[in-house]
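# Reading the structure
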Amino acid sequence: MPQKRLQQLVTSISFRIALPSLFTILLFIAAIFYVLLPQLEESFIHRKQEAIKELTETVWSLLESYYEREQSGELTRQDAQQRATARIRNLRYGPEKKDYFWINDMHPRMIMHPYRKDLEGEDISTFQDANGIFPFIEFVRIVKEQESGYVNYMWQWKDDPEKISAKSSYVMAFKPWGWIIGTGMYIDDVEAEIAQIRNKLSLISIGILCIVSILAAYSIRQSMVADRERRAIFMNREQLMESLEQSNTRFRNLLETTSDWIWESDQDGKYTYSSSRVTDMLGFDPEETIGKTLMDIASPRSAAQLADAFEKLLQSKQNIDGFECTCLGKSGQIVVLENNAVPVFSHNGEPELVGYRGIARDITERKIAMEALKKSRDDLHASLEETVSSLASTAENRDPYTAGHQQRVDRLACAIAKNLGLPPEQIEGLHIAALLHDIGKITLPFEYLAKPTSLNKDERAIIRHHPEVGYNILKTIHFPWPVAEIVYQHHEVLDGSGYPRGLTDQDILLEAKILAVADVVEAMSSHRPYRPSLGIEKAMDEIRKGRGVRYHAPSVDSCLYLIQEKKINGNGDDWCPVFY
């Protein structure tokens, strides 16, 4: 091929490689700065808004609890309002613990502001920020129109009255007392965090861009080098042969210097080639391994355990993948080798196995590290169990009449789940949730829990808040399972007549359905302050009647089977699954 034609071919190939690389870089820049970054910023602001909304709703729930105490006659309105105000005044959150909540009424007058006590009791309808906005008038308008919402205005920076900054607040009406509760986020804080994210993303993008550019340039250059080599092949066959010889030399050097022991064996597993790396691993000279098999250098214990498996691998004529064997070095040192190999077949006539070609890697340190990791995991699991047991004991110390209830429900629920065929990891989550399902009772008045007669309507309403309280206690703990949500749902039933949210079948977690059945059976068959045990038969009748309507049918069937077939023993004082 003429020299000029070859040169034109080289230029054309390089251009075709460079053009896609350039477009890839431009597309990457556009995707980062015009698509991904704006979406991240928008998502970040939305999450911040959702955070202050959830915080306001939490404090609203606090007000509601005091209002319920007022309605029950436990507190006067004045006492209830004073206690609620005192608690909310001291609530803080945020990195510096300076973000706060305030309360004003619909007039508007300031009820409580932790940093502006000078405004408390004052008419704040005329308060105007630097942009001409009357924020408190806006708060009243928002809650009148839609009960809650966001308002943007200028306000002092947290506890610093000298600094004025843009702020976005979420306000929410508490109608029983005609109050407005609110909290907010400072725009400067949000913009600073967004800028930090943008700067980090920019640095990462620049780094990736540089790497991509370098790789593209490298690819182009390697292509040009390859083209020049191909041109040299056409021009000089002798140079090609010399280049092949150099390549073979490099391959041999690589073979001898790699960190893995490279070997070849015959069909019986006897080594026919061994690289020098075996000396570093085991202390043997390559020649000392020739004619031996892996079992010959294995420790006596490993050889006894693995001999049959090794022979089956050889007879299968398949790839050897990750075959681990503990070997003894020449000096008696223990070395764990991971062996990988492919079969080699003859190409003369019918393919016939002639041996294996593979590598052995020293994984001794990895095995030691894995054992340490397993021990660490086991220790962590034990700590989790101890922590959960302590939390469960906290709830039961508040309610001595139901001491042991959570443990009995746990054993029954887990037995049902195992009988249903749930995987062990899912049963583990149910186990944790069952132990904690009544943790919300720690906030209930003791006299309700120990009352020797039936609760009245208001008392039952307060008791029914314990699943939500338990959820709020557990939702910030990062369990590997939805423990908080299971606790939240454990009094929900299929037809929507449960509490606290009235969920129906499709909205209730399977674990919560199982827990509901176990809770009903255990509660009815146990003694309570206001009644003796109703007996296991009445408990079984209750879940039979509610099967498929109130209670999860498979869980009911499983529970009945376990009790009737005596797979689990229970008399109201204990539940002891035979197989759990």
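Placed above this text is the structure.
### Quick notes on the overall build of the protein
Regarding its fold elements, the protein presents 19 helices and 12 strands. Burial status across the protein gives 40% buried among its 580 residues. Put simply, of all contacts in the protein between residues at least 6 apart along the chain, 55% involve residues at least 24 apart. For the protein, the exposed surface amounts to about 32000 Å²; the carbon and sulfur share of it is 55%.

### Let's talk about the pattern of salt bridges
Counted under the stated rule, the structure contains 22 salt bridges. In this structure, Lys 158 and Glu 96 form a salt bridge, with 3.5 Å as the shortest nitrogen-oxygen distance. Of this pair, Lys 158 sits in the loop between β3 (148-157) and β4 (160-174) while Glu 96 sits in the loop between α2 (77-89) and β1 (102-105), and the two are 62 residues apart along the sequence. The residue Glu 288 makes a salt bridge to Lys 330 at a minimum N-O spacing of 3.1 Å. One end of the pair, Glu 288, is in helix α7 (residues 286-289); the other, Lys 330, is in the loop between β8 (320-328) and β9 (334-345), with 42 residues separating them in the sequence. Since its relative accessible area comes to 48%, Lys 330 is described here as partly exposed.

### Digging into the packing of helix α18 (residues 536-545) against helix α19 (residues 553-564)
α19 packs onto α18 with a crossing angle of 155° between their chain directions and a minimal axis gap of 10 Å. Here α18 is positioned roughly antiparallel relative to α19, judged by the angle of their axes. Between α18 and α19 the crossing geometry is left-handed. Contacts between α18 and α19 involve Ile 536, Met 540, Ile 543 and Arg 544 from the first element and Val 556, Cys 559, Leu 560, Ile 563 and Gln 564 from the second. Of the residues contributing to the contact of α18 with α19, the split by class is seven nonpolar, one polar and one charged.

### Observations regarding the pairing of β8
Bridge analysis of β8 against β9 gives seven bridges, and the strand direction is antiparallel. Paired with Cys 327 across the two strands is Val 335, which belongs to β9.

### Observations regarding the side chain of His 437
Topologically, His 437 is positioned in the loop between α12 (424-436) and α13 (446-449). Exposure remark for His 437: the relative accessible area of 0% places this residue in the buried category. Only 3.2 Å separates the side chain of His 437 from the side chain of His 405, close enough to count as a polar contact. Within the local environment of His 437, its side chain forms a polar contact with the backbone oxygen of Ala 434, the two atoms lying 2.6 Å apart. Filtering out sequence-adjacent residues up to four positions away, His 437 remains in contact with His 405, Gln 406, Val 409, His 466, Val 487, His 490, Leu 515 and Asp 519.

### A look at the nonpolar core
Among the nonpolar cores identified, the biggest contains 42 residues, and Ile 416, Leu 474, Val 483, Ile 543 and Cys 559 are the most heavily contacted of them. Contributions of two or more residues to this core are made by α11 (405-420), α12, α16 (483-489), α17 (510-524), α18 and α19. Non-local contacts of Cys 559, meaning those with residues more than four positions away in its chain, are made with Leu 412, Ile 416, Val 517, Val 521 and Ile 543. Counting 25 residues, the second largest nonpolar core, distinct from the first, contains Met 295, Cys 325, Cys 327 and Leu 353.

### Quick look at empty space enclosed by the protein
Here the structure, examined in full by the defined rule, presents three cavities of 30 Å³ or more. Volume-wise, the largest cavity comes out at about 90 Å³. Lining the largest cavity, in full, are Trp 263, Ser 265, Gly 269, Tyr 271, Leu 294, Phe 310, Leu 313, Leu 314, Ile 320, Phe 323, Asn 339 and Tyr 356. For the lining of the largest cavity, the secondary structure elements donating two or more residues are β6 (261-266), α9 (300-316) and β8. Tallying contributions element by element places α9 first for the lining of the largest cavity, with three residues. Of the residues that constitute the lining of the largest cavity, the class distribution is nine nonpolar, three polar and no charged.

### Comments concerning the packing of α11 against α19
Remark: α11 packs on α19, axes separated minimally by 9 Å, with the N-to-C direction vectors making an angle of 105°. In terms of orientation, α11 lies roughly perpendicular with respect to α19. From α11, Leu 412, Ala 415, Ile 416, Asn 419 and Leu 420 reach across to α19, where they touch Pro 554, Ser 555, Ser 558, Cys 559, Tyr 561 and Leu 562.

### Thoughts on a nonpolar patch on the surface
Taken together, the side chains of Leu 36, Leu 40 and Ile 197 define a hydrophobic patch exposed on the protein surface, amounting to about 210 Å² of accessible area. In this fold, Ile 197 is placed in helix α4 (residues 187-235). Residue class for Ile 197 comes out partly exposed when judged on its relative accessible area of 34%.

### Quick notes on the packing of aromatic side chains
In total, this model carries 20 aromatic pairs according to the counting rule given. When the centroid spacing of 5.0 Å and the interplanar angle of 75° are considered together, the rings of Tyr 100 and Tyr 115 count as edge-to-face. Linking Tyr 100 in the loop between α2 and β1 with Tyr 115 in the loop between β2 (110-112) and α3 (135-146), this pair joins segments that are 15 residues apart in sequence. Overall, the relative accessible area of 3% leaves Tyr 100 in the buried class. Each ring, one from Phe 139 and one from Tyr 153, has its centre 5.5 Å from the other, and the planes form 75°; the classification is edge-to-face. Remark: Tyr 153 occurs in strand β3 and Phe 139 occurs in helix α3; sequence separation between them is 14 residues.

### Describing α19
Over its 12 residues, α19 runs 16 Å from end to end, which matches the ideal 16 Å to within 8%, given 1.5 Å per residue. All of the buried residues in α19 are Ala 553, Ser 555, Val 556, Ser 558, Cys 559, Leu 560, Leu 562 and Ile 563.

### A closer look at the pairing of β4
Consecutive side chains along a regular strand alternate between the two faces of the sheet. Two strands pair when backbone bridges link them, and β3 and β4 are joined in this way by 10 bridges, in the antiparallel orientation. By the bridge assignment, Tyr 150 is partnered in β4 with Tyr 170. Here β3 folds back onto β4 in antiparallel fashion, the turn holding two residues, of which Lys 158 has a positive phi close to 50°. Taken together, the eight bridges between β4 and strand β5 (residues 179-186) define a ladder with antiparallel strand orientation. Note on β5: the bridge partner recorded for Phe 174 is Trp 179. Remark: four residues form the turn of the hairpin made by β4 and β5, two consecutive strands paired antiparallel; Gly 178 in that turn has positive phi of roughly 65°.

What counts, and where the lines are drawn
- Residues numbered from 1 in each chain as written.
- Predicted model: local features only at pLDDT ≥ 70, side-chain atom pairs only at ≥ 80, totals over all residues.
- Heavy atoms only, no water.
- Helix = DSSP H or I, 4+ residues; strand = E, 2+ residues; numbered from the N terminus.
- Buried < 20%, exposed > 50% of the residue type's maximum accessible area, 1.4 Å probe, protein only.
- Contact = heavy atoms within 4.5 Å.
- Areas by Shrake-Rupley, 256 points an atom, 1.4 Å probe, with all protein chains shown as cover.
- Salt bridge = Lys/Arg side-chain N within 4 Å of Asp/Glu carboxyl O.
- Axes fitted to C-alpha atoms, helices over the stretch in contact; angles between N-to-C directions.
- Parallel < 35°, antiparallel > 145°, perpendicular 65-115°, else oblique.
- Left-handed = near helix turned anticlockwise from the far one by under 90°.
- Nonpolar A, V, L, I, M, F, W, Y, C, P; charged D, E, K, R; others polar.
- Pairing = 2+ DSSP bridges.
- Polar contact = N/O pair within 3.5 Å; in protein donor to acceptor, adjacent residues only side chain to side chain.
- Core = buried A, V, L, I, M, F, W, Y, C linked by side-chain atoms within 4.5 Å.
- 1 Å grid on protein atoms, 1.4 Å probe; cavity = no way out; pocket = protein on both sides within 12 Å on 5 of 7 lines; lining within 4 Å.
- Points joined across faces, edges and corners; volume = space filled by probe spheres on them.
- Patch = residues over 30% accessible without salt bridge, like charges linked within 9 Å, V, L, I, M, F, W, Y side chains within 5 Å.
- Phe/Tyr/Trp six-rings, centres within 6.5 Å; stacked < 30°, edge-to-face > 60°.
- Expected span 1.5 Å × (residues − 1).

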